[in-house]
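Each chain is listed here by its residues.
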Amino acid sequence: MKVLVVGKGAREHALAWKISRSPLVEKVYCFPGNAGISQIAQIPELADDSVNTLADFAKKERIDFTVVGPEDYLAKGIVDHFESLGLKIFGANKNAAKLESSKAFAKEIMDSANIPTASYSTVTDLNSGIKVLERSSFPIVLKADGLAAGKGVVICDSLKSATSELTEMLGGKFKDAGAKVVIEQFLKGEELSLLLLTDGTAVKPLLFSQDHKALLDGDTGPNTGGMGAYAPVLSGTSELYEKINEKVTLPLLNELKKMNIDYRGVLYIGLMIVNGIPYVLEYNARFGDPETEPLMMLLKSDIVPYFTACAERTLEKLPELEWIEGYGATVVIASGGYPESYKKGEIISGLTDVDKDCVVFHAGTKFNGNGGIVTDGGRVLMVTGTGKTIKETMDLIYKNVGKISFDGAYYRKDIAHREIKRI
């Protein structure tokens, strides 16, 4: 098979890495790609990154299957367009992707399906929003309705800070994504991520994982797209999975069917476990990032047949996914200033010194024209590894994080701290 991976981040690097290891795959392409991805996949030279251009390439090169990484392509309808041309593709179609591209839409579905979630209000103007805030208890969560690259969620501790943040959101901080804002009750518990492969009816779960969204150690500072993740999570028991399946997953899929929404692809469920009850924080219509990186390293099964089965509605015929014993984790090395303004073009050193036991997935990198690799984003690299215990895993990763450097490099030093304390 020839496989095209769409996207340019570490998630796409991890997916391309896993796909390239499949005996079914002859060649992997990736676009737009990055410096790291170019070492395992061919980056085609295309005029632009539009859906039409990608479809034309897939037809010309006779691509057998396409895997979509980023949410913005799903929201643009890349799956609908490819399928209209008879091209096989893995991902949620445009209607299904609304689960992620509109938080208000997701909340409405959760309400109608009686799925446990935090109480909320949706506002489009400041006066209405301030009235909601004035009758709220704090902390409170503000969420830009649309896609904001993982940065559209802010936790506010006071009426003053919430009013200021709401003013910025509705005033264009996240452009059109913040034209509508969800004001949501703050839930306190343990946050988990559960990714599921589905063909709309059958479901194959991946391991429970945990993302670290806050920028600073101790889970403090502003929210980011994720500073690290690990899997599996000890608190993610089989009993908890059954509860989620009963109260969250099946009600959602049934509700989508009632709405004639054909959901095929990966379903990401962001959960807060409160006194044993799973509450849904968010749905994403794509692989989580940085959860995907350790999950792909831990996955023993060939992922390609599962992707094609989702697209062809034959997932029920496949066995459950198999996993390597132990733990997997990733630590993000970010540019100084992220998630706000940051410099690009900083020379990265030490990549060739990393142990073979680790894989460095590139998030924001490019070649500088002299054969060197430089920074090209807020999140730059994701150092990923596995081990028999979580401590062994984190020791390996941090030893190798220390080998990599660039001006302004920053990373959290406490990834997986909850799991380490549990053991």
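The model shown is predicted, which means the values in this text are computed figures rather than measured ones.

Novice: Just checking my understanding: could you explain the sheet that holds strand S2 (residues 27-32) for this structure?
Specialist: In a beta sheet, neighbouring strands are held together by backbone hydrogen bonds and run either parallel or antiparallel to one another. Pairing in this open sheet of 4 strands is parallel, and the strands run S2-S1-S3-S4 from one edge to the other. Every interior strand has two partners, whereas the edge strands, S2 and strand S4 (89-90), have only one. Sheet topology places strand S1 (residues 2-7) next to S2; 6 bridges connect them, and they run parallel. Paired with Lys2 across the bridge in S2 is Lys27. Contacts from helix H1 (residues 10-20) reach S1, S2 and strand S3 (65-68) within the one sheet, and its direction differs from that of S1 by about 170 degrees.

Novice: Looking at this model, I keep getting lost on the packing of aromatic side chains. Mind explaining?
Specialist: In this description, a pair of aromatic rings is defined by centroid distance and the angle of the planes. Tallying each qualifying case throughout the model produces 7 aromatic pairs. The interplanar angle of 75 degrees and the centroid separation of 5.8 Å between the aromatic rings of Trp17 and Phe361 together place this pair among those described as edge-to-face. In this pair, Trp17 sits in helix H1 while Phe361 sits in strand S18 (residues 359-362), placing the two residues 344 residues apart along the sequence. In this structure Trp17 comes out as buried when scored by relative accessible area, which is 14%. Between Tyr398 and Tyr411 the ring centres are 6.2 Å apart and the planes differ by 40 degrees, which places this aromatic pair in the tilted class. Within this pair, whereas Tyr398 is found in helix H12 (residues 390-401), its partner Tyr411 is found in the loop between H12 and helix H13 (417-422), the two being separated by 13 residues in sequence. Classification of Tyr411 by relative accessible area gives partly exposed; the value is 23%. One cation-aromatic arrangement involves Lys76 over Tyr73; the distance from NZ or CZ to the ring centre is 5.1 Å. The ring of Phe105 has Lys98 lying over it, and the distance from NZ or CZ to the ring centre is 4.4 Å.

Novice: How should I be thinking about the environment of Asn95 in this particular structure?
Specialist: By the element assignment, Asn95 lies in helix H5 (residues 94-101). A relative accessible area of 47% means that Asn95 is categorised as partly exposed. A sequence separation of 42 residues divides Asn95 from Ser137, and the C-alpha atoms of the two residues are 34 Å apart. Not counting residues up to four positions away in its chain, the partners in contact with Asn95 are Phe105 and Ile261.

Novice: Would you explain the pattern of salt bridges in this entry?
Specialist: Once the charged atoms of two side chains with opposite charge are near each other, the side chains can pair. Taken as a whole and judged by the stated rule, the model has 26 salt bridges. A salt bridge links Arg286 to Glu100, with the nearest nitrogen and oxygen atoms 2.8 Å apart. Placement of Arg286 in the loop between strand S16 (277-284) and helix H10 (292-298) and of Glu100 in helix H5 is noted, with a sequence separation of 186 residues between them. The exposure classification of Arg286 matches that of Glu100, with both residues buried. Between Lys391 and Asp395 there is a salt bridge, with the nearest N and O atoms lying 2.9 Å from each other. With a gap of 4 residues between them, Lys391 and Asp395 both fall in helix H12, about one helical turn apart. In this structure Asp395 comes out as partly exposed when scored by relative accessible area, which is 43%.

Novice: Explain the sheet that holds strand S21 (residues 379-387) here, please?
Specialist: Read across the sheet, 5 strands follow the order S11-S14-S17-S21-S18 without closing on themselves; strand pairing throughout is antiparallel. Whereas interior strands pair on both sides, the edge strands pair on one side only; in this sheet they are strand S11 (210-211) and S18. For S11 and strand S14 (residues 228-231), the ladder comprises 2 bridges, and the chain directions are antiparallel. Across the sheet, Asp211 pairs through a bridge with Ala229, a residue of S14. Strands S18 and S21 of the sheet are contacted by H1, whose axis makes an angle of about 130 degrees with S18. On the sheet, H12 packs against S14, strand S17 (327-334) and S21 and is oriented at approximately 30 degrees with respect to S17.

Scoring rules and cut-offs
- Residues numbered from 1 in each chain as written.
- Predicted model: local features only at pLDDT ≥ 70, side-chain atom pairs only at ≥ 80, totals over all residues.
- Heavy atoms only, no water.
- Pairing = 2+ DSSP bridges.
- Helix = DSSP H or I, 4+ residues; strand = E, 2+ residues; numbered from the N terminus.
- Contact = heavy atoms within 4.5 Å.
- Axes fitted to C-alpha atoms, helices over the stretch in contact; angles between N-to-C directions.
- Phe/Tyr/Trp six-rings, centres within 6.5 Å; stacked < 30°, edge-to-face > 60°.
- Buried < 20%, exposed > 50% of the residue type's maximum accessible area, 1.4 Å probe, protein only.
- Lys NZ or Arg CZ within 6 Å of the ring centre and 35° of its normal.
- Salt bridge = Lys/Arg side-chain N within 4 Å of Asp/Glu carboxyl O.

All quantities given are derived from atomic positions and should not be read as evidence of function.
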